[in-house]
There are 2 protein chains.
Amino acid sequence: MRNGDDMTDTGSTSTAGTRPRLVGVVGMGLIGGSLARRLVERGVDVVAWNHRPHPYAEAEKDGIRCVTTLAALVDAAPDVIVLCNPLKAMPAVLGELKPLLDAAPGVTLTDVGSVKGMVRAQVEAAGLSDRYVGAHPMAGNELSGWTAADPRLYDDALWAVTVTDATDYGRFLTVARLIVDGVGDRLIVLDDDTHDKAAAMISHMPHVVATALINELTGDSNRNVAAALAAGSWRDMTRVALTDPDRTRAMVEEDAENVEALLRHMAARLTAVADLLRDERAGTDNGEDGADAAARRAMGGFFAEGQPFRNYKARQRAVGDGMAARYEERDIRTGRDRWQADLLASARRGEHIVAIGDAGRMRVQLRSAL
Amino acid sequence: MRNGDDMTDTGSTSTAGTRPRLVGVVGMGLIGGSLARRLVERGVDVVAWNHRPHPYAEAEKDGIRCVTTLAALVDAAPDVIVLCNPLKAMPAVLGELKPLLDAAPGVTLTDVGSVKGMVRAQVEAAGLSDRYVGAHPMAGNELSGWTAADPRLYDDALWAVTVTDATDYGRFLTVARLIVDGVGDRLIVLDDDTHDKAAAMISHMPHVVATALINELTGDSNRNVAAALAAGSWRDMTRVALTDPDRTRAMVEEDAENVEALLRHMAARLTAVADLLRDERAGTDNGEDGADAAARRAMGGFFAEGQPFRNYKARQRAVGDGMAARYEERDIRTGRDRWQADLLASARRGEHIVAIGDAGRMRVQLRSAL
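Residues numbered from 1 in each chain as written. Chains lettered and ligands numbered in written order. Predicted model: local features only at pLDDT ≥ 70, side-chain atom pairs only at ≥ 80, totals over all residues. Heavy atoms only, no water.

Chemist: Looking at this model, I keep getting lost on the relation of the copies chain A and chain B. Mind explaining?
Modeler: Overlaying chain A with chain B gives an RMSD of 0.1 Å, the required rotation being 180° about an axis along which the chain moves by 0.0 Å. The two molecules are tied by a two-fold rotation axis, judged by turn and shift. An overlap of 100% is found between the interface residues of chain A and their copies at the interface of chain B, pointing to a shared contact surface. (Least-squares fit on C-alpha atoms with pLDDT ≥ 70 in both. Contact = heavy atoms within 4.5 Å.)

Structure below.
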């Protein structure tokens, strides 16, 4: 039960016109190139532009219609344009698109940027927010560029779609159907701030932590001994610190406020454990039974606190290994006037939208509930 | 060039008697069981004991001689007994071995414990330190027990061998030859404190960091959203927090002082980055060019600091991929009176001992030099 057709099977909705007719892709690197190839594979027409024409010959062979200017891209009249260009090129691309899109009011604009608040600010500065819906696919790998483009990057991928109270419901549906019916993926609906805080939690802040770990080792007088003893746990915890530090720095600085807050939380958590280790030892050393009992209890609490996440991962593994039922599914309905709050609440319950019907009806899978 | 025989090939050393004749293994779980099977595979006789006899039938089929008492193990007169029992059973096992070993002065004692200072204190308390040499193989996986035992666990593994100024040179050589000639592995020689500090750096402290990360997510009101967005970086950085938290807690508390110090270092590093993110933003917000310039420079420093580790990992990958020459090798010599300091200095240079010759001569590979 993974696409809109399944909702038709229930007899209660129509899927007529759900699949986008033509999608414009700006930027044919890893993410944009993979998206264009994925859409073509699934029977969606794609028109694409890249700042340099080197991918065009191969892309045309893959069935992607390539154009040499953004004006030609807009002239093709796509239902939606997906900005897959680098974030640093965003202001220039938006500036060039603005007058072109003023003459094409039907075209909806979305993107794949990893920090949504910043992109929205740039879209607003360009005067294009009325037609914009944010998007961020959880897809990628350590490669980059058109030569690494692979439609399988989007296999069972989740997209975060970000909206505001002012977002047009029809344009949201256009982007949602691109993702669910066009790409064959699932999505959750968030506001920019919730997205950027969550991204700081699971990616941006951990990148800083990993970098601090390799700095700590590098600064140690016995660093060669430590490197000799390093095994799987060290390798896993520092892997992301090995990737391009300039790219990591940019990502962290683009989400600075959220990363700052989480780093302070983490520093407090690590200091608290350090204090408990000291207090446990003090109790042991001076033989006062009561002095270290509280520290031992608190240490038990530290190691128990994340148990809901361990249980969640164990359930996920059980599903993946075929040891448990697939994800629970249900239908939700949302109204035209409060859909943003309805869908944010759904995301907070851990539900992922996997099919879009008529009249605000959507099918969700319970995928990420701790 | 990976074993003692290679040194013979140079014509300058003799390998007569380097391989241990008979090894006693106490505890046939993942580490001990794998070690016993590895030694038998390589033609070394093994006599083994386990606190419960369930592995015996299969182990005997594998050519491991199993005995039902520690007295029978000592009676077999092994060159060396390797304690592979759980750390918590160590005082009881040492207590039972003490009178048996008093009647068998030739038997050398070693172990595979992950915290060396604590094991040595237990060995001293049992009155057995005159025959003890510490050891810690960097081998293991997330499994446990005899059924998971696999000789390949020791493929190209590094062992840390820990000694004091009082350690007998002959007993050290017995253990070193067990590792290099018997198991076919490499080793570095450390004092307990250097070992335990390095283990805290690359394993014990990072386990606390990973646990703090899953606690941070679990405590977040948008935890289901964050879990939905989590991808490879989050998965890698939290993997070790999913393993048995009681075992992690025990490991951390056994190395408490070192972990405490490193957690305070890490907290300071994370707080420093949080402050820089605040200062950079303050500078951007109020337009004072100079105010954030220092923060930006310091942030550049943070992301550059671990570059020697990134370069080291890149060189390792190049060797692994066959893109660079194998590790540089050379011979070192040590004297009977200052071998501990000589070999610790070698470990600090990132050299791993891969062959042991006569007269204090050893072949080393430059494996872990940042």
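Chemist: I keep staring at the sheet that holds strand 5 (residues 108-111) of chain B and nothing clicks. Help me out?
Modeler: The strands making up a sheet associate through backbone hydrogen bonding, with each pair oriented either parallel or antiparallel. All names here are of chain B. With parallel pairing, the five strands of this open sheet are ordered in space as 3-2-1-4-5. Of all strands in the sheet, those with a lone pairing partner are strand 3 (65-66) and strand 5, marking the two edges. With four bridges connecting them, strand 1 (residues 22-26) and strand 4 (residues 80-83) associate as parallel partners. The residue bridging Val25 from the neighbouring strand is Val82, located in strand 4. Together, strand 1, strand 4 and strand 5 form the strand contacts of helix 5 (residues 90-102), whose direction differs from that of strand 4 by roughly 165°. (Pairing = 2+ DSSP bridges. Helix = DSSP H or I, 4+ residues; strand = E, 2+ residues; numbered from the N terminus. Axes fitted to C-alpha atoms, helices over the stretch in contact; angles between N-to-C directions.)

Chemist: It is not clear to me how the interface of chain A and chain B should be interpreted in this structure. Could you clarify?
Modeler: Interfaces are often sized by the accessible area lost when the parts come together. Chain A puts 94 residues into the contact, and the matching count from chain B is 94 residues. Summing both partners gives a buried area of about 8,500 Å² for chain A against chain B, and 68% of it is carried by carbon and sulfur. Linking chain A with chain B are 10 salt bridges. The element contributing the most residues to the side of chain A that touches chain B is helix 8 (residues 192-218) of chain A, with 21 residues. (Buried area = accessible area lost by both parts, 1.4 Å probe. Salt bridge = Lys/Arg side-chain N within 4 Å of Asp/Glu carboxyl O.)

Chemist: Where do I start with the nonpolar core in this structure?
Modeler: Note that soluble globular proteins tend to have their nonpolar side chains buried in a common cluster. If you look at the biggest cluster of nonpolar residues, it comprises 94 residues, and the most contacted ones within it are A:Ile188, A:Leu263, A:Leu270, B:Ile188, B:Leu263 and B:Leu270. With residues up to four places along the chain from it excluded, the contact list for B:Ile188 reads A:Val225, A:Ala228, A:Leu229, B:Leu158, B:Trp159, B:Ala160, B:Val161, B:Ala347, B:Glu351 and B:His352. (Core = buried A, V, L, I, M, F, W, Y, C linked by side-chain atoms within 4.5 Å. Buried < 20%, exposed > 50% of the residue type's maximum accessible area, 1.4 Å probe, protein only.)

Chemist: Honestly, the pairing of strand 1 of chain B in this entry has me stumped. Any pointers?
Modeler: Within a regular strand, side chains alternate between the sheet's two faces. Residues and elements named next belong to chain B. Burial analysis of strand 1 places five of its five residues in the buried class, which makes it a mostly covered element. Covered by surrounding structure in strand 1 are Leu22, Gly24 and Val26 together with Val23 and Val25, the residues of both alternating faces. Read as a crossover between parallel neighbours, the route from strand 1 over helix 2 (residues 30-41) to strand 2 (residues 45-49) is right-handed. (Right-handed = clockwise from strand over helix to strand, strands pointing away.)

Chemist: What should I look at first to understand the pattern of salt bridges in this one?
Modeler: Taken as a whole, this structure holds 57 salt bridges over all chains when the rule is applied. With a shortest N-O distance of 3.5 Å, A:Arg249 and B:Glu280 are connected by a salt bridge. One end of the pair, A:Arg249, is in helix 11 (residues 245-254); the other, B:Glu280, is in helix 12 (residues 256-286), on a second chain. Given the relative accessible area of 19%, A:Arg249 is considered buried. Residues participating in the shared-partner salt-bridge network are A:Glu260, A:Arg264, B:Asp275, B:Arg278, B:Asp279 and B:Arg281.

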